[in-house]
Amino acid sequence: MSKFENDIFFLVTVRPEEVRREKEKAAALRKTQWWQRQVGRGVCHYCGLPVNPKELTMDHVVPIIRGGRSTRGNVVPACKSCNNRKKYLLPLEWEDYLKGISTQKESMRQPTPQ
Ligand SMILES: [Zn+2]
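What you see is a predicted model, and the numbers here were worked out from it, not measured in a lab.

Rules and cut-offs
- Each chain has its residues counted from 1, running along the sequence as written.
- In view of the model being predicted, local features appear only for residues whose pLDDT reaches at least 70, and side-chain atom pairs are presented and counted only at 80 or more, with totals across whole chains, interfaces and linings using the full set of residues.
- Starting at the N terminus, helices and strands are each numbered in turn, a helix being any DSSP run of H or I of at least four residues and a strand any DSSP run of E of at least two.
- Residue burial here comes from a neighbour count, namely the number of other C-beta atoms, placed from the backbone, that lie within 10 Å of the residue's own C-beta, with 20 or more meaning buried, 12 or fewer meaning exposed, and in between meaning partly exposed.
- We call two residues in contact if the C-beta atoms placed from their backbones are at most 7 Å apart.

A. Representation of the overall build of the chain in the model. Counting its secondary structure elements, the chain contains five helices and two strands. Reading the secondary structure of the chain in the N-to-C direction produces α-α-α-β-β-α-α. By residue count, 11% of the 114 residues in the chain fall in the buried class. Once local pairs closer than 6 in sequence are excluded, the contacts in the chain between residues at least 24 apart make up 56%.

Below you can see the structure in the form of structure tokens.
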């Protein structure tokens, strides 16, 4: 077994029935007023850009397959582009992406003197 396969094996430790249960909880959470309020702000949790509330999707900060739960503390509104990035990037690459965003925000706040 290669190192990579080993990592995958290690990461996916959640049983299919638990994944199904968390997905059902997520569906129920989507119908709550609390979630409607989150989406109603119209801002992506990750990139901070204004997004049409209809375009915001529910994202698990810690993915269900990595043991994340469908709780208020673990779901955030995300725009499609952040959601897709998160899906396809490795966790480390995703962290780099988020760091890149916060650096951009930082440099917007403090423009470097010419
Ligand atoms: Zn975003």
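B. A look at the environment of Gly40. Summarising the element assignment, Gly40 is placed in helix α3 (residues 33-40). A tally of 12 C-beta atoms within 10 Å means that Gly40 is categorised as exposed.

C. Here's a closer look at the environment of Pro77. One can find Pro77 in strand β2 (residues 75-78). C-beta crowding within 10 Å serves as the criterion here: with 23 such atoms nearby, Pro77 is assigned to the buried category. On a C-alpha basis, the gap between Pro77 and Pro53 in space is 8.9 Å, while along the polypeptide they are 24 residues apart. Beyond its immediate sequence surroundings of up to four residues, Pro77 is in contact with Gln38, Val39, Cys44, His45, Leu56 and Met58.

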